[in-house]
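Residue strings, one per chain:
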Amino acid sequence: MKAIFVEGFAWLTGQDVSQVATPIFADLERKGLLYHVEPTPTATPPAGAAAPSWSFRLVDEWFISMGASYDKPREQLTAEEKAASLRYQIMDVVDQIRWIPRVRLLP
């Protein structure tokens, strides 16, 4: 199996993903963006088994910080604790929704 960088990856476009680790590290170091490189041990397949083929896929992802998770019942949280944690604000809004059909939450 062959994996090639598609158009849109600047100088990587058209290159095989298995051949670019070293040039990527060198580029990051040149830009002052390389923090640390550490080899990852690989598992050796049993005798006669084919070696696994690994490739990575770049995707755009983003995450929202939900804030702190407190180790006490939600009813005991202060207004300040709720204001600092989106997760509890969302729980309060969910409590206000009129669900159709009505759902009974299990303990």
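Residues numbered from 1 in each chain as written. Predicted model: local features only at pLDDT ≥ 70, side-chain atom pairs only at ≥ 80, totals over all residues. Heavy atoms only, no water.

Colleague: What's the story with the overall build of the chain in this structure? I'm lost.
Modeller: Along the chain, the regular secondary structure elements total three helices and zero strands. Helices and strands appear in the chain in the N-to-C order α-α-α. Looking at the chain as a whole, 8% of its 107 residues qualify as buried. Considering only residue pairs separated by 6 or more positions, the chain has 10% of its internal contacts joining residues 24 or more positions apart. Of the roughly 10,100 Å² that the chain leaves accessible, carbon and sulfur atoms contribute 59%. (Helix = DSSP H or I, 4+ residues; strand = E, 2+ residues; numbered from the N terminus. Buried < 20%, exposed > 50% of the residue type's maximum accessible area, 1.4 Å probe, protein only. Contact = heavy atoms within 4.5 Å. Areas by Shrake-Rupley, 256 points an atom, 1.4 Å probe, with all protein chains shown as cover.)

Colleague: I keep staring at the pattern of salt bridges and nothing clicks. Help me out?
Modeller: Pairs can form between side chains of opposite charge whenever their charged atoms are close. Considering all chains together, one arrives at six salt bridges under this definition. Close ionic contact of K31 with D27 constitutes a salt bridge, the shortest N to O distance being 3.1 Å. Under the relative-accessibility criterion, K31 is labelled partly exposed at 47%. By relative accessible area, which is 13% here, D27 ends up buried. With a shortest N-O distance of 2.7 Å, R74 and D95 are connected by a salt bridge. Taken as a pair, R74 in the loop between α1 (21-30) and α2 (79-83) and D95 in helix α3 (residues 86-96) lie far apart in primary sequence, 21 residues in all. Look at the salt bridges and you will find they share partners, linking R74, K82, D92 and D95 into a network. (Salt bridge = Lys/Arg side-chain N within 4 Å of Asp/Glu carboxyl O.)

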